[in-house]
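Spelled out, the chains give:
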Amino acid sequence: MAPAPQRLKRRAEFLRVAQRGRKAPVAGLVLQALERHDDAPARLGFTVTKKVGNAVVRNRTRRRLKEAARLLLREAPVAGCDLVLIGRGSTRRRAFPALIDDLRRALERAGVAPFGEGGAAR
RNA sequence: CCAGACGGCCGGACGGCCGCCGCCGCAGGCGAACGCGGCGGAGGAAAGUCCGGGCUCCACGGGAGAGAGGGUGCCGGCUAACGGCCGGCGGGGGCGACCCCAGGGAAAGUGCCACAGAGAACAGACCGCCGACCCGGCAGUUCGCUGCCCGGCCGGCAAGGGUGAAACGGUGCGGCAAGAGCGCACCGCGCUCCCGGCAACGGGGGCGGCACGGUAAACCCCACCCGGAGCAAGACCGAAUAGGGGCGACCGCGGACGGGCAACCGUGCCGCAGGGGGCUCUCCCGCCCUGUCGCCCGGGUUGGUCGCGCGAGGCGCCUUGCGAGAGGCGUCCCAGAGGAAUGGCCGUCCAGGCCCGCAAGGGCCGGACAGAACCCGGCUUACAGGCCGUCUGGCACC
RNA sequence: GACCCCUUCGUCUAAUGGUUAGGACACCAGCCUUUCACGCUGGUAACACGGGUUCGAGCCCCGUAGGGGUCA
């Protein structure tokens, strides 16, 4: 992830991942993944609803998810899929190493193995 | 020292590693990305959206019109403006520092004032007080009558009781059959004159003789203010599709053209009238546009640039004003974008809380409210903890 | 960004500024019934919060909180 990862922005993109992708809930977040059948780097989207808290809490939640994804994907890049990370109430207070572990286990559970080709080998 | 009042300010600090956004420079290269370096990167409320403006577009004919609607309301000032702020006036609260409240009109009109109470708005008379007369009783008697009491009736009165949030002034003295502003003094109220003040208002004199209940954050009257929309405003560039179609309802006169010998018929081609629409709340005149209205079908766009941060700007000093403020000089350039950057982890310190301990000290927890979206000025609301200044009351000492 | 509406017993709702805030369903107790249900009787239970106007506020005014909705 030498170049900054592409972000999902439009409502339609989020809906497509939610409807057709795989869902993996873990303690610190919920991951949705949808394979794209190409070898471009993974695109990321973040969702934190108003139920989680006010704007400050939502910002903190999203930034921790962003940082966890950055650190993990730097070690183990993923390609060929769209990922949506959904923040939940526990995201803000979870210890940061545990949050990275959560994300790693969620990627495995969604069938997105590291080293690129995992997205298609599920 | 204790208790309190008011005003202002801060909103953790420093560092390390890995990162993010914008701009600039270097290198690179067709261009871009990556790389290196530099600068900048959330708040006092950025919030709620309760007000006021800037800016942009629309309308800018009679028009800053009339009406409707909304808002404001002691006086003077500040300000671009305000429902904001400052100073003052009046009322209320507090020993005090100080705090809270608000326009005028109820003698323009309308409405309402429950319950209680005799009576609630051109006052009224339940208990009551007083006088004359009549009946009865008791006592006295100089046998004429007198005094007291009960009741009836006629008349006078509104002091006292009682009801209420509120009862045609309050207190005292005189006066009277009993009473009453009936008279007087003081207070209140109204009118008037003088003085002070720019004014709100305050002070004083005289007169009146009490007459004018409350509620306009009830309707309303008066004065003043308000054109509408909002950066998804708006401007430019580019891309794409189209310069639409169908059904139903309604439509007068004239011309022109076509048909017909003619009467007449047809035609959204033209004019007028009408209808409809627009002139950003409504109406009149005026102007402009147009077949109109309803339903349905079909088609395109989700790109870029600007707007976009030099501003009623921040900081410091000086002058001026009681103050809100105003003026001058110097200095600084200080986030900006797109669903959106300002982060993650760690260490030390400064505050804070809890636990152990006689103490020294040690351990644990741990940063309040809250995130810019065109920009300013206010208001309101949320907020751990802390700092500074002025003042008041009390206690002690000198 | 520009606005609008609502908040009353557990639930759904009423109320000229004036007694103890009414009704329905629900809940509780009793009666009826062999028992349950139905029915009858009685009871518990609410004006979102803070100020103000008024003699008096669920109602009027201001602010706050929560909920819902409209337009672009």
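Below: a short report on this structure. (Residues numbered from 1 in each chain as written. Chains lettered and ligands numbered in written order. Predicted model: local features only at pLDDT ≥ 70, side-chain atom pairs only at ≥ 80, totals over all residues. Heavy atoms only, no water.)

1. A look at the protein's contact with RNA strand B
In the region of RNA strand B, 16 residues are neighbours, and Arg7, Arg10, Asn59, Arg62 and Arg63 sit closest. Near the protein, meaning within 4 Å, the atoms of RNA strand B are sugar or phosphate in a fraction of 72%, with bases accounting for the rest. At a separation of 3.2 Å, a base nitrogen of RNA strand B approaches a polar side-chain atom of Glu67. Examining the composition of the surface near RNA strand B, we find that 11 residues originate from one element, helix H2 (residues 55-75), more than from any other. Counted by class, the surface near RNA strand B contains three nonpolar, two polar and 11 charged residues. (Near = heavy atom within 4 Å. Polar contact = N/O pair within 3.5 Å; in protein donor to acceptor, adjacent residues only side chain to side chain. Helix = DSSP H or I, 4+ residues; strand = E, 2+ residues; numbered from the N terminus. Nonpolar A, V, L, I, M, F, W, Y, C, P; charged D, E, K, R; others polar.)

2. Concerning H2
Along an α-helix, residues three or four positions apart point the same way, because every turn accommodates 3.6 residues. With 21 residues, H2 extends 31 Å between its outermost C-alpha atoms, agreeing within 8% with the 30 Å of an ideal straight helix rising 1.5 Å per residue. Every buried residue belonging to H2 is among Val57, Thr61, Arg64, Leu65, Ala68, Ala69, Leu72 and Leu73, and all of these are buried. The arc enclosing the buried residues of H2, seen along the axis, measures out at 150°, which places them on a common side. Away from its buried face by more than 90 degrees, H2 exposes Val56 and Arg74. In the core, the buried residues of H2 are packed alongside strand E2 (29-35), strand E3 (43-47), strand E4 (81-87) and helix H3 (96-109). (Expected span 1.5 Å × (residues − 1). Buried < 20%, exposed > 50% of the residue type's maximum accessible area, 1.4 Å probe, protein only. Arc of directions from axis to C-beta. Contact = heavy atoms within 4.5 Å.)

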